[in-house]
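# Close look at the chain arrangement
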Amino acid sequence: LADAKQLSEQGEHAQAMVVRQHALDLAMALGDNRVIFFALGGLAGSAAEAGESGLVLSLCAQQEPLLTDEEPVIVGAYFHRADLMACAWIQIAHGHEIGGERTAARSALELARALALYACDKTNNDREALHCLETLVQSLLLLNEAAEARAQVARCVASLAAMPTVGSELWCVLELARARIDVHEGGVGVQTLKTLQAIEESVLQTASDVQLLIGEVRLVLQLAQEQLGHHEQALSSHKRATQWHVNRH
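Residues numbered from 1 in each chain as written. Predicted model: local features only at pLDDT ≥ 70, side-chain atom pairs only at ≥ 80, totals over all residues. Heavy atoms only, no water.

## Re the packing of aromatic side chains
- For the coordinates displayed, the defined rule picks out three aromatic pairs.
- Ring geometry for Tyr78 and Tyr118: centres 5.7 Å apart, planes at 65°, overall edge-to-face. One end of the pair, Tyr78, is in helix α5 (residues 72-98); the other, Tyr118, is in helix α6 (residues 102-122), and 40 residues separate them in sequence.
- A residue is classified by how much of its surface remains accessible, and Tyr78, at 18% relative accessible area, is buried.
- Look at Phe79 and Tyr118: their rings are 6.3 Å apart centre to centre, the planes differ by 50°, and that puts the pair in the tilted class. In this pair, Phe79 sits in helix α5 while Tyr118 sits in helix α6, placing the two residues 39 residues apart along the sequence. (Phe/Tyr/Trp six-rings, centres within 6.5 Å; stacked < 30°, edge-to-face > 60°. Helix = DSSP H or I, 4+ residues; strand = E, 2+ residues; numbered from the N terminus. Buried < 20%, exposed > 50% of the residue type's maximum accessible area, 1.4 Å probe, protein only.)

What follows is the structure, encoded as structure tokens:
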């Protein structure tokens, strides 16, 4: 699983899925439900990175019978599982929206919101809480609930054990969520733009999972630049985001 994580960070998502499938096969051979649970979770993570939303939901469904209140470590991983499912439903909603199926898209987004809210509410880990918050904010904005998104950001920040250090992974995640709301409300100012540029720079310098956010950061940065009339910079951000997604898949 450590090898698979490294492959994911390098953008080798197909290979990461192969490695994680092998880990799942070994776990199944061992017959250890705890190991199987985490192997399924790792494979679901790779599927999410590869944009395979249907597979994410299928793998998470296979985890369900293995969940037990008697194992705190597994229960803790349940929040990550809920976040993965929320991200999958956001992808599914996007597909419905493209197909003109607005009712189905809204239903998918409401499922995403419920799962992300559950994940935010139940975890007491700052890292998990902020990553789940980012997903929750995405779903709320897609449902045009910007005021609720701001309220959830404030609530999450108030519950943190410590405020993230500027430039850190968690700072990037938190500030991206805030910037999303600014962009959605059309309230982008110079400070929002500077913050997004700082996030992009910080993310590129880290080797952690937060690098998976770089495509999203660049898309939000593009929208912010467009609002401020910085059209050449917006085009550059769009090209970098597109290239990142091409390399990722």
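## Some details on helix α4 (residues 53-63)
- If you check which residues of α4 are buried, you get Ser53, Val56, Leu57, Leu59, Cys60 and Gln63. Down the axis of α4, the smallest arc covering the buried residues is 165°, so these residues share one side. (Arc of directions from axis to C-beta.)

## Some remarks on helix α10 (residues 190-204)
- For α10, built from 15 residues, the straight-helix expectation of 21 Å at 1.5 Å per residue is met to within 8% by its first-to-last C-alpha distance of 21 Å.
- Inspection of α10 places Thr192, Leu193, Thr195, Leu196, Ile199, Glu200, Ser202 and Val203 among the buried residues, and these make up the whole buried set. (Expected span 1.5 Å × (residues − 1).)

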